[in-house]
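# Observations on the model geometry
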Amino acid sequence: VGRISYGVRWRMWSPKNHLKFPIGFQESVKTMMMASRRPESLMYLLQDEIVHFIMNKCFWDWWGDEMAEEAEEEAEQAESETARDDATSRF
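Our subject in this report is the structure included herewith.

Turning next to the overall build of the chain. Each helix and strand in the chain was counted, giving three helices and zero strands. A total of 91 residues make up the chain; the buried ones form 20% of that total. Element-wise, carbon and sulfur atoms account for 56% of the exposed surface of the chain, whose accessible area totals about 7900 Å².

Moving on: the nonpolar core. Grouped together as the largest cluster of nonpolar side chains are 11 residues: Trp13, Phe21, Phe25, Val29, Met32, Met33, Ala35, Met43, Val51, Met55 and Cys58. For this core, the element with the highest residue contribution is helix H1 (residues 23-35), accounting for five residues. Discounting chain neighbours no more than four positions away, the residues touching Met55 are Trp13, Phe25, Ser28, Val29, Met32 and Trp63.

Our next topic: the side chain of Asn17. For Asn17, the position within the fold is in the segment before H1. By relative accessible area, which is 12% here, Asn17 ends up buried. Sequence-distant contacts of Asn17, defined by excluding residues within four places in its chain, comprise Arg11 and Met12.

So, on to the side chain of Ser28. Inspection of the secondary structure assignment puts Ser28 in helix H1. A distance of 2.9 Å separates a polar side-chain atom of Ser28 from the backbone oxygen of Gly24. Excluding anything up to four places from it in sequence, Ser28 contacts Met55 and Trp63.

Where H1 meets helix H2 (residues 48-56), the closest approach of the two axes is 10 Å, and the angle between their N-to-C directions is 155 degrees. Overall, the two elements H1 and H2 adopt an arrangement that is roughly antiparallel. Regarding H1 and H2, the two cross each other, and that crossing is right-handed. Every residue of H2 that contacts H1 at Phe25, Ser28, Val29, Met32 and Met33 is listed here: Asp48, Val51, His52, Ile54 and Met55. Its residues placed into classes, the contact of H1 with H2 shows seven nonpolar, two polar and one charged.

Take H1 next. Between its first and last C-alpha, H1 extends 18 Å over 13 residues, near the 18 Å set by a 1.5 Å rise per residue. Among the residues making up H1, those that are buried are Phe25, Gln26, Ser28, Val29, Met32, Met33 and Ala35. Buried residues along H1 sit in contact with H2.

For Met32, the location among the structural elements is in helix H1. Spatially, the C-alpha atoms of Met32 and Tyr44 are 9.9 Å apart, while their sequence positions differ by 12 residues. Contact partners of Met32, with chain neighbours within four places excluded, come to Met43, Val51, Ile54 and Met55.

Parameters at a glance
Residues numbered from 1 in each chain as written. Predicted model: local features only at pLDDT ≥ 70, side-chain atom pairs only at ≥ 80, totals over all residues. Heavy atoms only, no water. Helix = DSSP H or I, 4+ residues; strand = E, 2+ residues; numbered from the N terminus. Buried < 20%, exposed > 50% of the residue type's maximum accessible area, 1.4 Å probe, protein only. Areas by Shrake-Rupley, 256 points an atom, 1.4 Å probe, with all protein chains shown as cover. Core = buried A, V, L, I, M, F, W, Y, C linked by side-chain atoms within 4.5 Å. Contact = heavy atoms within 4.5 Å. Polar contact = N/O pair within 3.5 Å; in protein donor to acceptor, adjacent residues only side chain to side chain. Axes fitted to C-alpha atoms, helices over the stretch in contact; angles between N-to-C directions. Parallel < 35°, antiparallel > 145°, perpendicular 65-115°, else oblique. Left-handed = near helix turned anticlockwise from the far one by under 90°. Nonpolar A, V, L, I, M, F, W, Y, C, P; charged D, E, K, R; others polar. Expected span 1.5 Å × (residues − 1).

Have a look at this one:
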C-alpha cells in the first residue's frame, strides 16, 4: 500500500531565530558575543561568523530549557505572591 516516513529537524541557532531559544541559551550567546568584543579576550581573535557557527553547534538545552514566557509567568506569580504577603502582613 503506502509508506509513511518522518524525521526530526532540530532548529539551528542563528541571529534571525535567537528569540526562539531558551533564556539560558540566549544569555550564553550574549556572553560569547561580548567576549568577542573585548581585546583582552582570546575570543577577540574570532570573527562574528565563527562565534555564530560555534553557537549553532551547541545543543539548545545546554543552559537550561526555560523559555522567556515561562520565566515571565514565574516572575509575575512571585511578584503577586509577594504583594499578597505584604498586604496580609499589614493587618
